[in-house]
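Here is how the chains run, residue by residue.
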Amino acid sequence: MTRIAAAMLLLATMTTVGAQDRPSLRPTVLVAGDLVRIGDLVADVAPEKADIAVFRAPDLGQTGSVRTAAVIEALRPHDVAVEASGLTEVSVTRASRMIGAIEIKDRVATIAAERLRLSDTASIAVTLDGPAPTLHLDPAETGPLIPVRALFEPRGGRFELVFRTGASHLRVTGTAQEIHDAVVLRRAVARGDVLREDDVALEKRPKAEVQADAVRDTAAAVGMALQQTLRPGQVIRSHDLVRPQLVKRGEPVIIVYEVPGITLTVRGKMEDSGSLDDTVNVLNVQSKRVIQGVVSGPGQVTVTALTPRIVSAAQNRDANRIANARTALTKAE
């Protein structure tokens, strides 16, 4: 009995050592070609057997599973014994170069820019007719997508491109338009309203929507008043804007007299309407004289030493005397 037990123990030990010496199956495999080889499936396999193909690989970018029993059966003709270690299946993934919507649009923009003779692809907006498919190419294909047919309609921007993708072709249609920066309204603004920063935004718009007089900088629009009512999203043109009127004809204002060392304020009434820094006529309510000043703020006109002054009382008397003399002479004649 002792001898039998010792023999069984020796056999078990040899079996364990033999299993440990066997190459092991990999649970996950990534292959670059269209064939799965022994070296892909088995770790530490003999070099002369590593390149032997035993299965076809999944399609590019796809993953498949192979039962462990099927792998062992495929390896048996090549005298490769493996240790499965409880593994039931092997996952095999075919490597690929994945191309999505962004890369497809970038390629279309590059081709469109060449057709439109533009140096910057950022000035091209591409819209596809439908969802862009995800392409899986051979990892060795590192160059750009090659069009085998390219049709462009310059006026409307319609395009049809057919790309070669390995052994097949991909047809892509949509629009590719030249775009420019333009200031647009973010909300409805009525005529005469003064634009604020949150009323406007800078957006990329198709060239057909951006005329030569389109405003292209939000700073040029903020603080200006609209000459007409515009809709949200509408491109603002330079003739849509006007400097806001800070004083209006017939309205009361404050006249500020400024001379070196002295500042006086009196009530006035506007004879003109005007914007900031405009020269306007204003009636001094106290003296009943019309003078000129510069619009310096809402409801305020400033008169300085450089502005035309009020005519003095003596000068007024002389002017009246000359006018009366001319009237008498005319009557005498």
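Note that this is a predicted model, so its numbers are computed, not measured.

## Side note on the overall build of the protein
Moving on, step 1. In terms of helices and strands, the protein carries six helices and 21 strands.
Moving on, step 2. Out of the 333 residues belonging to the protein, those deemed buried represent 30%.
Moving on, step 3. In the protein, the share of contacts with a sequence separation of at least 24, taken over all contacts with a separation of at least 6, comes to 51%.
Moving on, step 4. Looking at the protein as shown, the accessible area adds up to about 20800 Å², and 53% of this sits on carbon and sulfur atoms.

## Some remarks on the pairing of strand 11 (residues 168-185)
Moving on, step 1. In terms of strand pairing, strand 7 (residues 124-128) meets strand 11 through five bridges, oriented antiparallel. The residue of strand 11 that forms the bridge with Thr127 is Thr175.
Moving on, step 2. As paired elements, strand 10 (residues 158-165) and strand 11 share eight bridges and run antiparallel to each other. Bridged to Leu161 within strand 11 is Val172.

## Points about helix 4 (residues 68-75)
Moving on, step 1. Taken together, the buried positions of helix 4 are occupied by Thr68, Val71, Ala74 and Leu75. For helix 4, the angular spread of buried residues about the axis comes to 125°, placing them on one side.
Moving on, step 2. Contacts from the buried residues of helix 4 go to helix 2 (38-41), strand 3 (53-56), strand 4 (63-67) and strand 5 (89-94).

## Overview of helix 5 (residues 101-116)
It helps to recall that an α-helix has 3.6 residues per turn; residues three or four apart then point in one direction.
Moving on, step 1. When the terminal C-alpha atoms of helix 5 are compared, their 22 Å separation across 16 residues agrees well with the 22 Å that a helix rising 1.5 Å per residue should span.
Moving on, step 2. Along helix 5, the positions that sit buried rather than exposed are Ile104, Arg107, Val108, Ala109, Ile111, Ala112 and Ala113.
Moving on, step 3. For helix 5, the elements touching its buried residues are strand 6 (97-99), strand 7, strand 8 (135-137), strand 9 (146-152), strand 10 and strand 11.

## A few points about the sheet that holds strand 19 (residues 279-284)
Moving on, step 1. One closed barrel holds the five strands; their spatial order is 16-17-19-20-21, and the pairing between them is mixed. Each strand axis lies, on average, 55° off the axis of its neighbour in the sheet, ignoring direction.
Moving on, step 2. Across five bridges, the pairing between strand 16 (residues 252-259) and strand 21 (residues 300-304) is parallel. Note on strand 21: the bridge partner recorded for Val256 is Thr302.

## Some remarks on the confidence of the model for the protein
Moving on, step 1. Averaged over every residue, the pLDDT of the protein is 84; the share at 70 or more is 85%.
Moving on, step 2. Confidence drops under a pLDDT of 50 for residues 4-19, and excluding neighbours within four residues, the segment shows one contact in the predicted structure.
Moving on, step 3. Note on residues 307-313: pLDDT under 50 across the span, and ten contacts to partners over four residues away in sequence or across chains.

## Things to note about the sheet that holds strand 1 (residues 28-31)
Moving on, step 1. Taken in spatial order, the three strands of this open sheet run 1-5-4, and their pairing is mixed. Both edges of this open sheet fall to strand 1 and strand 4, since each of them pairs with a single strand only. Between one strand and the next, the sheet's axes are offset by a mean angle of 25°, whatever the strand orientation.
Moving on, step 2. Against the sheet, helix 4 makes contact with strand 4 and strand 5, and its axis sits at roughly 75° relative to strand 4, the strand it touches most.

## Some points on a nonpolar patch on the surface
Moving on, step 1. A contiguous nonpolar patch, built from Val259, Ile262 and Leu264 and spanning about 260 Å² of accessible area, is present on the exposed surface.
Moving on, step 2. Here Ile262 shows up in strand 17 (residues 262-270).
Moving on, step 3. On the basis of relative accessible area, Ile262 is assigned to the partly exposed category, the value being 45%.

## Brief notes about the nonpolar core
Moving on, step 1. By size, the foremost hydrophobic cluster in this structure holds 19 residues, and its most contacted members are Ile104, Val108, Val126 and Phe159.
Moving on, step 2. Within the residue set of this core, elements represented by two or more residues are helix 5, strand 7, strand 8, strand 10 and strand 11.
Moving on, step 3. Here the element with the most residues in this core is helix 5; it accounts for six residues.
Moving on, step 4. Setting aside anything within four residues of it in sequence, one finds Val108 in contact with Val126, Phe159, Leu161, Phe163 and Ala176.
Moving on, step 5. Val29, Val31, Ile38 and Val45 belong to the second-largest nonpolar core, a separate cluster that totals 18 residues.

## What about unusual backbone geometry?
Moving on, step 1. Even without being glycine, Ser85 reaches a positive phi, approximately 55°.
Moving on, step 2. Within the secondary structure layout, Ser85 lies in the loop between helix 4 and strand 5.
Moving on, step 3. Accessibility expressed as a relative area gives 60% for Ser85, which makes it exposed.

## Some points on the environment of Asp40
Moving on, step 1. You can see Asp40 is positioned in helix 2.
Moving on, step 2. Along the chain, Asp40 and Val54 lie 14 residues apart, while their C-alpha atoms are 10.0 Å from each other.
Moving on, step 3. Dropping the residues within four chain positions of it, Asp40 is found in contact with Arg26, Val29, Val31 and Leu35.

## Considerations on the side chain of Asp240
Moving on, step 1. Mapping Asp240 onto the fold places it in the loop between strand 13 (225-226) and strand 14 (241-242).
Moving on, step 2. Asp240 sits in the buried class, given a relative accessible area of 1%.
Moving on, step 3. Each residue touching Asp240, except ones within four places of it in the same chain, is listed here: Ala225, Leu226, Gln227, Gln228, Leu230 and Val235.

Basis of the calculations
Residues numbered from 1 in each chain as written. Predicted model: local features only at pLDDT ≥ 70, side-chain atom pairs only at ≥ 80, totals over all residues. Heavy atoms only, no water. Helix = DSSP H or I, 4+ residues; strand = E, 2+ residues; numbered from the N terminus. Buried < 20%, exposed > 50% of the residue type's maximum accessible area, 1.4 Å probe, protein only. Contact = heavy atoms within 4.5 Å. Areas by Shrake-Rupley, 256 points an atom, 1.4 Å probe, with all protein chains shown as cover. Pairing = 2+ DSSP bridges. Arc of directions from axis to C-beta. Expected span 1.5 Å × (residues − 1). Axes fitted to C-alpha atoms, helices over the stretch in contact; angles between N-to-C directions. pLDDT = per-residue confidence, 0-100. Patch = residues over 30% accessible without salt bridge, like charges linked within 9 Å, V, L, I, M, F, W, Y side chains within 5 Å. Salt bridge = Lys/Arg side-chain N within 4 Å of Asp/Glu carboxyl O. Core = buried A, V, L, I, M, F, W, Y, C linked by side-chain atoms within 4.5 Å.

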